[in-house]
Amino acid sequence: MIKRLKQYELAVGLIQRQARIAVIIRETAISKDVIKATYKELLGRPGSPGPIKESIRGLTHNVRCYKEATLFGKLFRSIEIENVQGGIDNVIQAFDFFKISLPNSSLDFTTAWLVARDLRNKQLRLISCHQCSSPVLIIVGSEKSLERCCVCKTSLKTDP
């Protein structure tokens, strides 16, 4: 009973952060119909349906979004180091701190969740720029993301 109550509490928290329905289902195992009804009740509109993106590759086309995702990734990694067993709670904590720090950011919870997921499964890496030490989010296997640091524009390629 307590476990189920915690799942509902988590679902409400994710809805308040406007997570996609698919993310809420994955994190809580609550039925789609219940989540949709709760979304409508809490926010007065339906939640965003559809599948979860498989990659954040689309973020690399917009420098501002890429920088925001990188900052979130750095915050998430810092929290994850302190609380290894945190799971979704680490994502929520990093997202909330990110939104307090950058309230006008366009980064949504689902994108933040994707960044966290991909950092955990090593599809993304955070490196430091060798010139300015800024964090750089690298999409593993993508040469495009290795071109330049978003802050100082230094080339990050190691091979000539």
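For the structure itself, consult the block above.
So, here's what we can say about the structure. (Residues numbered from 1 in each chain as written. Predicted model: local features only at pLDDT ≥ 70, side-chain atom pairs only at ≥ 80, totals over all residues. Heavy atoms only, no water.)

The next subject is the overall build of the protein. For the protein, the helix and strand inventory stands at six helices and two strands. In sequence order, the protein lays out its α and β elements as α-α-α-α-α-α-β-β. With the principal axes as the frame, the protein shows a C-alpha extent of 60 × 30 × 30 Å. Of the contacts formed within the protein by residues at least 6 apart in sequence, a portion of 50% connects residues at least 24 apart. Put simply, the protein shows about 9,500 Å² of open surface, and 54% of that area lies on carbon and sulfur atoms. Taking the average location of the 25 positive side-chain charges in the protein and that of its 15 negative ones, the two points are 3 Å from each other. (Helix = DSSP H or I, 4+ residues; strand = E, 2+ residues; numbered from the N terminus. Contact = heavy atoms within 4.5 Å. Areas by Shrake-Rupley, 256 points an atom, 1.4 Å probe, with all protein chains shown as cover. Lys, Arg positive; Asp, Glu negative; His and termini not counted. Charge placed at Lys NZ, Arg CZ, Asp CG, Glu CD.)

Turning our attention to the nonpolar core. The biggest cluster of nonpolar side chains holds 38 residues, and the ones touching the most others in it are F72 and F109. Only α1 (2–16), α2 (21–28), α3 (32–43), α4 (63–82), α5 (88–101), α6 (109–120) and β2 (135–139) provide two or more residues apiece to this core. The biggest single contributor to this core is α6, with seven residues. (Core = buried A, V, L, I, M, F, W, Y, C linked by side-chain atoms within 4.5 Å. Buried < 20%, exposed > 50% of the residue type's maximum accessible area, 1.4 Å probe, protein only.)

Contact pair α1 / α2: the axes reach a minimum separation of 10 Å and the direction vectors enclose 160°. Judged on the interaxial angle alone, α2 and α1 are roughly antiparallel. In terms of crossing hand, the pair formed by α1 and α2 is right-handed. Contacts from R4, Q7, L10, A11, L14 and I15 of α1 reach α2 at I24, E27 and T28. (Axes fitted to C-alpha atoms, helices over the stretch in contact; angles between N-to-C directions. Parallel < 35°, antiparallel > 145°, perpendicular 65-115°, else oblique. Left-handed = near helix turned anticlockwise from the far one by under 90°.)

Next up on the list: α6. Its 12 residues place the ends of α6 16 Å apart at the C-alpha level, agreeing with the 16 Å of an ideal helix rising 1.5 Å per residue. Of all 12 residues that make up α6, 11 are buried, and the element is covered over most of its length. Of the residues making up α6, those classed as buried are F109, T110, T111, A112, W113, L114, V115, A116, R117, D118 and L119. Looking at the packing, one finds that the buried side of α6 touches α1, α2, α4, α5, β1 (124–128) and β2. Taking the backbone nitrogen of T110 as reference, a side-chain oxygen 3.2 Å away marks D108 as the first, capping residue of α6. (Expected span 1.5 Å × (residues − 1). Polar contact = N/O pair within 3.5 Å; in protein donor to acceptor, adjacent residues only side chain to side chain.)

Mapped onto the secondary structure, T110 falls in helix α6. What T110 contacts, discounting residues up to four positions off in sequence, is Q18, A19, R20 and V23.

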